[in-house]
Amino acid sequence: MPVELTLHKAAEELRRGDLANVLRARQRVAGLVGTYPHRLDLRERLAEVYRVLGQPAQAGRWTYLSDERDPEETLAFERAYRHAEARLVALCWQGRVDEAPTETARTRLASLYLEARVELQRELDATPHEETSWGACLIVMVGGTFVLVCFLLGIVTLVQFLWKLVT
């Protein structure tokens, strides 16, 4: 079904206003966003549906790359997806930053990628780096040697027992 016809049907469903129709409209517009992720107008239409559903975090999610966005919705989105990497995944952006259709979208995507990189580096820096403990290695080697000696003694004992049975 062509994009404009799908949008028209979704608009009709929104006008009806009952939950079943609004959810159908959401499904239609979300499908369009999945098919055309670079079209900011479709993202904005999906945000409209989420406003009708009373979900400001989702409305903020879908207008995050837009020139015009509601600061409260943006804040709700950022609270719902606290880490930059989670926000990037939630945006469902496909492709490179320079493929975004507006300077605003390119700037916001680039900023989000940078923020995600900084958060990841911070996590890596905070992770304690373990040094090799030679004492632990020595214990493992001694334990392994003990197990090997016990195994060999068991084999020798078994061979001696079987030899006595045969002779």
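The model shown is predicted, which means the values in this text are computed figures rather than measured ones.

Draft legend 1. Geometry of the side chain of Glu119. Tracing the chain through its elements places Glu119 in helix α7 (residues 103-126). Buried within the structure, Glu119 lacks any salt-bridge partner; Arg87 is the closest side chain of opposite charge, at an N-O distance of 4.9 Å. In contact with Glu119, not counting residues within four places along its chain, are Arg82, His83, Ala84 and Glu85.

Draft legend 2. The UniProt feature "transmembrane region" (unreviewed entry) in the protein, seen in detail. Feature annotation in UniProt places "transmembrane region" (unreviewed entry) on residues 138-163, given in this structure's numbering. Summarising residues 138-163: 100% helix, 0% strand, and an end-to-end C-alpha distance of 37 Å.

Draft legend 3. Examining the environment of Glu72 more closely. Examined against the element boundaries, Glu72 turns out to sit in helix α5 (residues 71-80). Overall, the relative accessible area of 66% leaves Glu72 in the exposed class. Put simply, Glu72 and Gly60 are twelve residues apart on the chain and 7.8 Å apart in space, counted from C-alpha to C-alpha.

What counts and what doesn't
- Residues numbered from 1 in each chain as written.
- Predicted model: local features only at pLDDT ≥ 70, side-chain atom pairs only at ≥ 80, totals over all residues.
- Heavy atoms only, no water.
- Helix = DSSP H or I, 4+ residues; strand = E, 2+ residues; numbered from the N terminus.
- Buried < 20%, exposed > 50% of the residue type's maximum accessible area, 1.4 Å probe, protein only.
- Lys, Arg positive; Asp, Glu negative; His and termini not counted.
- Salt bridge = Lys/Arg side-chain N within 4 Å of Asp/Glu carboxyl O.
- Contact = heavy atoms within 4.5 Å.
- UniProt positions renumbered as here; feature names shortened; annotations may be inferred.

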